[in-house]
Amino acid sequence: MGNSDGDAEDKPKTKQKGKHDKPKPWDDPSIDHWKIEKFDPSWNEGGMLEVSSFSTLFPQYREKYLQEAWPIVKSALKEHGISCELNLVEGSMTVSTTRKTRDPYIIVKARDLIKLLSRSIPAPQAIKILNDEMQCDIIKIGNLVRNKERFVKRRQHLVGPSSSTLKALEILTGCYILVQGSTVAAMGSFKGLKQLRRIVEDCMQNKMHPVYHIKILMLKKELAKDPALADENWDRFLPKFKKKNVKQKKVKSKEKKEYTPFPPPQQPSKIDLQLESGEYFLSDKKKSAKKWQEKQEKQTEKTAESKRKREEAFIPPKEPTRLDYGTSNDTENDVAAMAMSLKEKAKEFGKQKALENIDATKYIAAGEPSLKKKSRRGEP
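To keep things clear, this report deals only with the structure shown in the data block.

Criteria and thresholds
- Residues numbered from 1 in each chain as written.
- Predicted model: local features only at pLDDT ≥ 70, side-chain atom pairs only at ≥ 80, totals over all residues.
- Heavy atoms only, no water.
- Salt bridge = Lys/Arg side-chain N within 4 Å of Asp/Glu carboxyl O.
- Buried < 20%, exposed > 50% of the residue type's maximum accessible area, 1.4 Å probe, protein only.
- Helix = DSSP H or I, 4+ residues; strand = E, 2+ residues; numbered from the N terminus.
- 1 Å grid on protein atoms, 1.4 Å probe; cavity = no way out; pocket = protein on both sides within 12 Å on 5 of 7 lines; lining within 4 Å.
- Points joined across faces, edges and corners; volume = space filled by probe spheres on them.
- Nonpolar A, V, L, I, M, F, W, Y, C, P; charged D, E, K, R; others polar.

Should the charged atoms of two oppositely charged side chains come close, the side chains can pair. Taken as a whole and judged by the stated rule, the model has 7 salt bridges. Among the ionic pairs, Asp112 bridges to Arg111, the shortest N-O distance being 3.4 Å. Of the residues examined, Arg111 reaches a relative accessible area of 27% and is grouped as partly exposed. Salt-bridge contacts for Glu201 lead to Arg197; the nearest nitrogen and oxygen are separated by 3.2 Å. Pair noted here: Glu201 and Arg197 are both in helix H7 (residues 190-204), with a separation of 4 residues, about one helical turn.

To continue, consider the layout of surface pockets. One water molecule sets the probe size; rolling that probe over the atoms shows where empty space is left. One number sums up the size of the second largest pocket: a volume of about 570 Å³. Lining the second largest pocket are 20 residues, with Gln195, His213, Ile216, Leu217 and Lys220 positioned closest to its centre. The element best represented in the lining of the second largest pocket is helix H8 (residues 210-224), accounting for 6 residues. Its residues assigned to classes, the lining of the second largest pocket comprises 9 nonpolar, 5 polar and 6 charged.

As a further point, take unusual backbone geometry. At Ser120, a residue that is not glycine, the phi angle is positive and equals roughly 70°. If you trace the backbone, Ser120 turns up in the loop between helix H3 (106-118) and helix H4 (123-126). Phi is positive for Ser162, which is not a glycine, with a value near 50°. Relative to the helices and strands, Ser162 resides in the loop between helix H5 (148-159) and helix H6 (164-173).

This is how it looks when you write it as structure tokens:
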């Protein structure tokens, strides 16, 4: 009993939801579910029960080319049992199934073929869409940008100088790309078409330039070569590009006026203004004379203004005067000291002059009587 319990524990437990939940023959890891097998006519020997047809219009400038290339298209579709018709009156192409058609999906491929032909893809390239491995995608870019100038500029970013960006995208995604008018037609694998659609939409919506997408694709291609990084996240290796936001003009919000049920007053017309000024009653001659006089006055004002502007170039600019507030008090003190010293010097100079002008005789004449008096007083 113990051994049987141990064997039961060793066996992996499988959850069975119902009686039909059983292992299927196609649940095998060796089977590649993404591989597209080539159609074998023996799978549908009876053919199609109903006739399916698709038609599309083409521009007038493609009419001449389609007339020349139509025999090639017709022979390529005849191999798959599809009939085609070119209507030059209506400007349309039609494809439909016949009794010889075996592949039910070939009519969808034929529809894609006429779509690609109408989008200016050459017939030898467009015929490749009939292969099972080849898919196509027509990306509409006309409604992504409103401004025509911006649309043309961003579409040119996608093409690049001398179609260098377009060639790089073709190599990295493995798709054939044709930019025509307001659409981008592409042919390739599902993976490549998915990458290309994202690149085109990011370019036209101004989210990321195609050059940065090319850098990322190149790095991914190199990382895919390393088997050690097959199960790892590649985000740490990929560059992160930050979009620089350009400052936009701020929209001035209009102030809401108070609601009034009454309409605004009627503005005076041109005749009303002429009646007020009295110009209405003037003769044509006087009106023309008045207009000429006003014109002359405006002309003189403009000439005076232009003359003033010309003369401004010859007027020298005023030199800036620097006022040193820290040294102003010192200069005032110096001036006061100089004034005092000059006053003192003037006094000394006056004294010297007074000494030079002294008359000695005055002092001598005045001295004799004093001696006599002394002598008289000294006598007995």
